[in-house]
Every structure is written in structure tokens, then in C-alpha cells.
Amino acid sequence: MRILVIDDVEIQRITIRDELKDFGHEVEICASGIQALDVLKRNQFDVILTDLKMSGMSGIELLSKIKEHSIGGEVLIMTAYATIKNAVEAIHLGAYDYLTKPIEFDELKKILDHIEELIQLNKENKFLRSQLKERYSFGKIIGKSSVMLKVYKQIVVVAPENVTVLITGKTGTGKEILADTIHHNSHRSKNPLVKVSCAALSKDILESELFGHERGAFTGAHQRKIGRFELARGGTIFLDDVDDIPLESQVKLLRVLQEKVIERVGGTEIIPVDTRVLASTKVNLLTLVEEGRFRSDLYYRLNVFPLKLPPLIDRREDIPLLLTHFFKEYSIEPILISDKTMSILIDYNWKGNVRELKNLVERLSIICKCNPIEPECLPLEILEGNPRFSRTTEKQSTNVNMTDNVSRYEYGLIQEALNKANGNKAEAARILGIPVSTLKSKLTNTNND
């Protein structure tokens, strides 16, 4: 901790300073309360240890100034036996505790240890409060379902720790956003978060990206390159799709996790790295281990703290919340969704998970001008894949022919997309989110009808 000692007797303040330094604290000293106030305005201290009776400004007056201006940390009063009554008065004014002179340093150490515990506890409580404040919107992770609340609790536990986290989940569930959240709620948040897409890089390029290379290490290596692990020193590296790392490269990654050192490609220098590792996978790594495509020792090094993101169909109650959030991103005006449309979206089988839902909102914000949003605004694959709009409803005895309704919806959507695309069928298909062949088939069927 940082401690400021104020005493107008030089030998006493020096003695206290030396003892506190032996305890492992960072200590500054002042000869008067006036000097201390000046120091406190420019620096932050965890503890102020001040004598009660001093010339110029007493300890009580200094305490009052500290509380009045909310500067400094906890205040400890030092006093002689004859002035204990004044010390008790200081406690009522906000002092943390008092000590009698001559100072018993074992007693002082116990008080300081207790203050240090309280400071740490306050930091942890502040961190937890910041998480609870966004209970239903944890950073960029949106949701209030029971499965997501479990994820939030896991984040609160693991974010402050320095352990490796393996994030699992299907494509589009938000694994990268979860990695962002863990890093930005960790003690490394002021240092870099470096991301590597393992699926996008070949073996040779991947090793160069992760560990760097020396000049001349291979053809085209005209100068030294610093790798991602070095760039993330003091911070976090996120290895996305770690299941795509080739076997030959896995052993080098294992060494980093075990020994906290790297070697650049083509180099011999051993470089220590203080980097936290977060990794993600879209498949079951144990299956790859059984198939001989992933090292078991690397798996267990990565899987220190497993964290699973559920697919969207397992948290359907979050869909209205997600829709509201994404529409706020893409639209200035408030967007409403009709009850029928909401029911269709909740029933839909979101194979692309949250990413697919976000893409839908972006598309609707471009092509749909009605408010509230009605079913006719939805893409064909969502309408056709919903039991409320199945062609089997033709067989049901009802006054409403749902198939005809869908045909009208489809025709309106197709015409709107073609207008936006100036008649270009490929562009219209892209807007609608369907293959060109499907669009041509729909147009043919419409013309035949």
C-alpha cells in the first residue's frame, strides 16, 4: 500500500517510515499537516498516519481537511497516553483507528493488514456491482434467461483470475464477444487484447503470427516480425477456432502454456511472455482428441476453466431482448414488432444463432418500412420454416388460406427487393437472403399462377 506519514519530530517519522518499508509498503513522509495537504492534493495514498499534536496544524485539523475535500485514504491517529480522549474524538470525525506512542509496530502491522484486506474487498465488491448492474446486458452479451444468468456468474468468477479459459459454443453464439467481456472485466483490461483467427491461417503463417519470426527465417521474411503473444504481453490473447490449429503447431502452443516462453520462427532466443490465453472452439475437442487430431495434453492445458455458450434455441426467451437491442443499433426511430411476428421469430430454428438474428435485424432495417413489423416483412425461409405458415394448413378447415397469404407476402417481398436491386435478380436474392435459383423458381411459380 501507499502510506503517508506525518510527524513534526524527524526521528519519529524516519523510524516509522523505515519500519513500514520493511513491511513492504511504499512510504512518503511529511513534517507538518500543511505540507501533507499539499502532497495529498497531488498524490493518492491508501493510508495516512498522522501525529495528533503538531505545530501549525494538529492531526484533528488535518483529518477534518482530508474528510472535507475527500482526499487520501484511511486516517490513523498517533497520540500519547495523555491525549487518548482526543484520539477517540478523531474516531468520531472519521479516523479509522488510533495508536498510542511509542508505536507498537506489531499492532500497527495488524491494523494495516486489515485495511489492506478491506481495500481488496472493496475492489472485488466494486467489480461485482459493475457486473450486477449489467445483469441483463453483460457488456455486449444480451440476455436474462436462466442459462445466460449462469454464464454471467461464471464470468464474474473467472474474469479476475489469471487462468486459461476455453469457450465452447456453436457458430454465431457470441464466443468472441464473451472473450471481450472476460478481458475487459479482468485486471489486464488496460493492456492489449489481441485476437487470432486460427481457422483463417495456414500452419506456416499461423506460427509466424503467434510467435513472430526473425529476418531471413523463410522466403519473404525481410525483417523481424513480433508475434501476437509478444504484442499481448501483460494482456490477453484470444485464439478463435483453436480446433483448427494444425497438429505440428499444437506442440509449440503447448510449450507457451506450460513454460510461458516463446521462440520466434527462425530464432533461438527464449522470450518470456506474460499473456493470458482465452480460446474458443465450435466443436467438441475431446472428439478430436479421440480421433488423433488434437493433442490431449494441449486440451487439458486449454480447458482449465470451460465456459459454454448456449445456442439461441436454448434461450428463446432472450429473443425479444435481443431484437430490441439490435434494432436500437440499426435504427434511430423506435421499432415495434407485432405479436404475430414475435411469435414466428421465437418459434424459428435459429441455426445461425445470435449472428443470424442480428443479420435479420440489419436486413429488416433496410427493406422493411412498416412499424410495427408484420410477418410479411420477414424473409421467406423464416416464414416457410414456421409451422404457423406451413403448406399443410391448406388441409385444415379454416376461413384463412395461409398458403395464399404466404404467396402474397413472398410476392410483395420479391417485388420490393427487385425494385431495390434495379431488376438485378442476383442482388435481389442477396437482399432476401436466398439463393438465386430459389428466387427464379419463385418468380416462375408466380408467373404460372
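Everything discussed here concerns the structure shown above.
Residues numbered from 1 in each chain as written. Predicted model: local features only at pLDDT ≥ 70, side-chain atom pairs only at ≥ 80, totals over all residues. Heavy atoms only, no water.

Visitor: Looking at this structure, how should I read the overall build of the protein?
Guide: From N to C terminus, the protein includes 19 helices and 16 strands. Burial status across the protein gives 43% buried among its 449 residues. Nonlocal contacts in the protein, meaning residues at least 24 apart in sequence, comprise 68% of its contacts between residues at least 6 apart. Carbon together with sulfur atoms contributes 50% to the accessible area of the protein, which is approximately 23800 Å² in total. (Helix = DSSP H or I, 4+ residues; strand = E, 2+ residues; numbered from the N terminus. Buried < 20%, exposed > 50% of the residue type's maximum accessible area, 1.4 Å probe, protein only. Contact = heavy atoms within 4.5 Å. Areas by Shrake-Rupley, 256 points an atom, 1.4 Å probe, with all protein chains shown as cover.)

Visitor: Looking at this structure, how should I read the layout of surface pockets?
Guide: Unfilled space is identified by rolling a water-sized probe across the atoms. Here the largest pocket defines a volume of roughly 600 Å³. Within the residue set of the lining of the largest pocket, elements represented by two or more residues are β7 (141-142), α7 (175-184), α13 (319-330) and α15 (353-367). Taken together, the residues of the lining of the largest pocket sort by class into eight nonpolar, six polar and 12 charged. (1 Å grid on protein atoms, 1.4 Å probe; cavity = no way out; pocket = protein on both sides within 12 Å on 5 of 7 lines; lining within 4 Å. Points joined across faces, edges and corners; volume = space filled by probe spheres on them. Nonpolar A, V, L, I, M, F, W, Y, C, P; charged D, E, K, R; others polar.)

Visitor: Is there a simple way to think about the packing of aromatic side chains in this case?
Guide: One pair of aromatic rings is described through two measures. These are the centre distance and the angle between the planes. Under the counting rule described, the total for this entry stands at three aromatic pairs. Aromatic side chains Y299 and Y300 sit 4.9 Å apart centroid to centroid with 70° between the ring planes, which places their arrangement in the edge-to-face category. For the ring pair Y348 and W350, a centre distance of 4.6 Å and an interplane angle of 90° mean the geometry is edge-to-face. Both residues of the pair, Y348 and W350, belong to the buried class. Its end group placed over the ring of F45, R2 keeps NZ or CZ at 4.6 Å from the ring centre. The lysine or arginine in question, K109, covers the ring of F23, its NZ or CZ lying 6.0 Å from the ring centre. (Phe/Tyr/Trp six-rings, centres within 6.5 Å; stacked < 30°, edge-to-face > 60°. Lys NZ or Arg CZ within 6 Å of the ring centre and 35° of its normal.)

Visitor: What should I look at first to understand the environment of L439 in this one?
Guide: Its place among the elements puts L439 in helix α19 (residues 436-448). A sequence separation of 14 residues divides L439 from K425, and the C-alpha atoms of the two residues are 7.5 Å apart. When near neighbours in sequence (up to four residues on either side) are disregarded, L439 contacts I414, K425, A428, A429, L432 and I434.

Visitor: Help me understand the pattern of salt bridges, please; the structure alone is not making it clear to me.
Guide: Here the idea is simple: oppositely charged side chains can pair when their charged atoms come close. One pass over the structure, following the stated rule, counts 28 salt bridges. Measuring nitrogen to oxygen at the nearest pair gives 2.9 Å for the salt bridge that ties K282 to D243. With K282 in the loop between β15 (276-281) and α11 (285-290) and D243 in the loop between β12 (236-240) and α10 (247-259), the pair connects residues that are 39 residues apart, well separated along the chain. In this structure, the salt-bridge partner of K282 is D244, at a minimum N-O distance of 2.9 Å. Of the two residues, K282 is situated in the loop between β15 and α11 and D244 in the loop between β12 and α10; the sequence distance between them amounts to 38 residues. Take K282: its relative accessible area is 31%, and that puts it in the partly exposed class. One salt-bridge network, held together by shared partners, links E214, R224, E230, R233, R264 and E269. (Salt bridge = Lys/Arg side-chain N within 4 Å of Asp/Glu carboxyl O.)

Visitor: Got a minute to help me understand the state of the cysteines in this structure?
Guide: In a disulfide, the sulfur atoms of two cysteines are covalently bonded to one another. Evaluation of the coordinates by the stated rule reveals one disulfide. In this model C368 forms its disulfide with C377; the gap between the sulfur atoms is 2.3 Å. Here C368 and C377 share a disulfide; its torsion about the S-S bond, 50°, makes the bridge right-handed. Relative accessible area serves as the criterion here: at 11%, C368 is assigned to the buried category. (Disulfide = S-S within 2.5 Å.)

Visitor: What is the right way to read unusual backbone geometry from this model?
Guide: Excluding glycine, residues mostly carry a negative phi; peptide bonds, for their part, are mostly trans. Between K101 and the following residue, P102, the backbone shows a cis peptide bond with an omega angle of -5°. Relative to the assigned elements, P102 resides in the loop between β5 (97-100) and α5 (105-133). Note that the residue after N371, namely P372, is joined by a cis bond; omega there is 15°. Relative to the helices and strands, P372 resides in the loop between α15 and α16 (380-384). A positive phi angle, close to 55°, is found at D241, a residue other than glycine. Among the structural elements, D241 can be located in the loop between β12 and α10.

Visitor: I'm lost on the sheet that holds β15 in this one. Help?
Guide: Read across the sheet, five strands follow the order β9-β12-β15-β8-β16 without closing on themselves; strand pairing throughout is parallel. Whereas interior strands pair on both sides, the edge strands pair on one side only; in this sheet they are β9 (193-197) and β16 (305-308). Between one strand axis and the next, the sheet turns through 20° on average, direction left out of account. Two strands pair when backbone bridges link them, and β12 and β15 are joined in this way by four bridges, in the parallel orientation. (Pairing = 2+ DSSP bridges. Axes fitted to C-alpha atoms, helices over the stretch in contact; angles between N-to-C directions.)

Visitor: Help me understand empty space enclosed by the protein, please; the structure alone is not making it clear to me.
Guide: Scanning the entire structure with this criterion turns up one cavity of 30 Å³ or more. Considering only enclosed or pocket space, the largest cavity measures out at about 30 Å³ in volume. As for the largest cavity, its lining consists of F229, V256, L257, K260, V273, T275 and V277. Of the residues in the lining of the largest cavity, the class split is five nonpolar, one polar and one charged.

Visitor: What is the right way to look at the packing of α13 against helix α14 (residues 339-347) in this model?
Guide: Relative orientation and spacing of two packed helices are given, respectively, by the angle between their axes and the distance between those axes. In the contact formed by α13 and α14, the axes pass within 10 Å of each other and the chain directions differ by 110°. It follows that α13 is roughly perpendicular to α14 by the angle criterion. The interaxial crossing formed by α13 with α14 has right-handed handedness. Here α13 contributes I319, P320 and L323 to the contact with α14, which in turn contributes M342, L345 and I346. Counted by class, the contact of α13 with α14 contains six nonpolar, no polar and no charged residues. (Parallel < 35°, antiparallel > 145°, perpendicular 65-115°, else oblique. Left-handed = near helix turned anticlockwise from the far one by under 90°.)

Keep in mind these values describe shape, not function.
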